[in-house]
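For reference, the chains in residue letters:
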Amino acid sequence: MIIPEQAAIFCGGLGTRMHPVTHKIPKPMVPINGTPFLEYLICQLKENGIKEIILMTGYLGEQIREYFGDGEKLNIKIQYSHGPVEWETGRRLFEAKDLLSDHFLLFYSDNFVPFSLKKLAQFYDEQKKLLCFIVKAKTTGNIRLGENGAVEIYDKTRTAENLSFVELGYMLVDKCIFQYYKDKDISFSDVIAKLVLDGQVAGLVTNDSYYSISDSERWKLAEKYLSPKKILLIDRDGVINKKASRGEYIDSWDKFVFIQENLQAMKTLSEYGFSFIIISNQAGIGRNMVSEKMVESINEQMKKTLENEGIKILNIYVCPHHWEDNCFCRKPNPGLFFQASREWFFRIDKTFFIGDDPRDCQAAYNAGCRSIFLGKENDLNNLSPEERPLGVFKYLDEAVSVLVEQ
Ligand SMILES: [Mg+2]
Ligand SMILES: [Zn+2]
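The shown structure was predicted, so the numbers you read here are calculated from the model rather than taken from an experiment.

(A) Quick look at the domain arrangement of the protein. When the domains of the protein are assigned, the result is domain 1 (6-226) and domain 2 (231-405). Look at where the C-alpha atoms of domain 1 and domain 2 centre, and you get two points 35 Å apart. The interface is formed by seven residues belonging to domain 1 together with nine residues belonging to domain 2. When its residues are assigned to classes, the side of domain 1 that touches domain 2 shows two nonpolar, three polar and two charged.

(B) Spotlight on unusual backbone geometry. With an omega dihedral of 5 degrees, the bond running from His19 to Pro20 counts as a cis peptide bond. Positionally, Pro20 belongs in the loop between strand 1 (6-11) and helix 1 (21-24). Residue Pro332 is reached from Lys331 by a cis peptide bond, and omega for that bond is 15 degrees. Within the secondary structure, Pro332 sits in the loop between strand 16 (313-319) and helix 11 (335-344). Backbone geometry at Leu60 places phi at a positive 50 degrees, although glycine is not the residue there. By the element assignment, Leu60 lies in the loop between strand 4 (52-57) and helix 3 (61-68).

(C) Spatial organisation of helix 6 (residues 188-197). Of the residues making up helix 6, those classed as buried are Phe188, Val191, Ile192, Leu195 and Val196. Around the axis of helix 6, the buried residues are gathered within 140 degrees of arc, so they sit on the same side. Its buried side turned inward, helix 6 meets helix 4 (89-95), strand 8 (131-137), strand 10 (151-154) and strand 12 (201-205). Of the residues trailing helix 6, Gly199 is marked for its positive phi of about 70 degrees.

(D) Local environment of the nonpolar core. Of all hydrophobic cores here, the largest spans 67 residues; its most connected members are Ile9 and Leu131. Ranked by residue count, the leading element in this core is strand 11 (residues 165-174), at seven residues. The next biggest cluster of nonpolar side chains, apart from the first, holds 47 residues, and it includes Phe274, Val290, Ile298 and Ala364.

(E) A look at the pairing of strand 4. In terms of burial, strand 4 is a largely internal element, five of the six residues being buried. Here six bridges tie strand 1 to strand 4, and the two strands are oriented parallel to one another. Paired with Phe10 across the strands is Met56, a residue of strand 4. The pairing of strand 4 with strand 5 (residues 77-82) spans six bridges and is classified as parallel. Its bridge partner being in strand 5, Glu52 is matched across the sheet by Lys77. Between strand 4 and its parallel partner strand 5, the chain crosses via helix 3, and the hand of that crossover is right-handed.

Criteria and thresholds
Residues numbered from 1 in each chain as written. Chains lettered and ligands numbered in written order. Predicted model: local features only at pLDDT ≥ 70, side-chain atom pairs only at ≥ 80, totals over all residues. Domains from an automatic or database assignment. Contact = placed C-beta atoms within 7 Å. Nonpolar A, V, L, I, M, F, W, Y, C, P; charged D, E, K, R; others polar. Helix = DSSP H or I, 4+ residues; strand = E, 2+ residues; numbered from the N terminus. Buried ≥ 20, exposed ≤ 12 C-beta atoms within 10 Å, placed from the backbone. Arc of directions from axis to C-beta. Core = buried A, V, L, I, M, F, W, Y, C linked by C-beta atoms within 7 Å. Pairing = 2+ DSSP bridges. Right-handed = clockwise from strand over helix to strand, strands pointing away.

Written out as structure tokens, the structure reads:
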């Protein structure tokens, strides 16, 4: 499997939709909590193992170069390919050709979405296409995906039927795409369109939210999302309270017994400024063994008790379904993680999930977050290396320092 170590980023556009701020600065330099948007992208690439970045600059490119230099400050190698403002995106990439590796990541610098380079590289490897990009479901999209992930239609005008995805400007590209250039003065979306006609593009679907600096309203949301937060995701049964016996469910408040060691750790973490979001499977509801109302009432009382201890619970997300329902919200599926991220504006890739079941670790992996496992090493024998938690502990108090340092 090829895992590229190089990324090229389009940084040359005028950013007219971001006026007036882009009168004076190029769009990638738009500040997010005082740090240029582009820096978030570069850090994300670095965290994914990228070693070298090519910034394809145009409009006010000197500001970008002055700020990032050779990348030493961010501990990554940065090179530049600069050209006139008039160049189309396709031309910009074409002119950077000599700097490019055989396989490279290609980013537009206006969206941000958590991604895993390993997952994208694996998809690219399976698909055997010249270009794979990350797509997200959207009712007014520009892409139609086939069942296997192949892009069937790529329509800039968004007029074709069943265009239910958009691409997010995160691409993995084979350098052979230059064969599709007849004329170098072309926009890169026209290059993509040609590749699609030749069956050379596939889309990897993300369920995560994406943020953008394409206009000032979205810029504010991106800022909200990218500002660091101290949020921990945590399971309920077996972590906060003692589990019911096998095949049984906590069906009354009397049966709810806190695990004192973990409660103490939650208190300590709260003193460090963390808040909690609970994500819990409650198949007892789907199996008619406990009512939804009862689960809600137990959770309400739990929340009150925790808050009296100074532990802040932002929200409690529950999957009420039977495992036979095959819902997207039951762990190991990651649906509730994405919902929580959307509602609380936190980056899943910067967050931990604390659980006591191997499925908790799988759900975390599927959502793109890291996990802490409370239990025994032996319980994890069926996990793949990628699904493994960052740490295995008996009680949460042993994990406090790991969580605080991250
Ligand atoms: Mg549990
Ligand atoms: Zn569910």
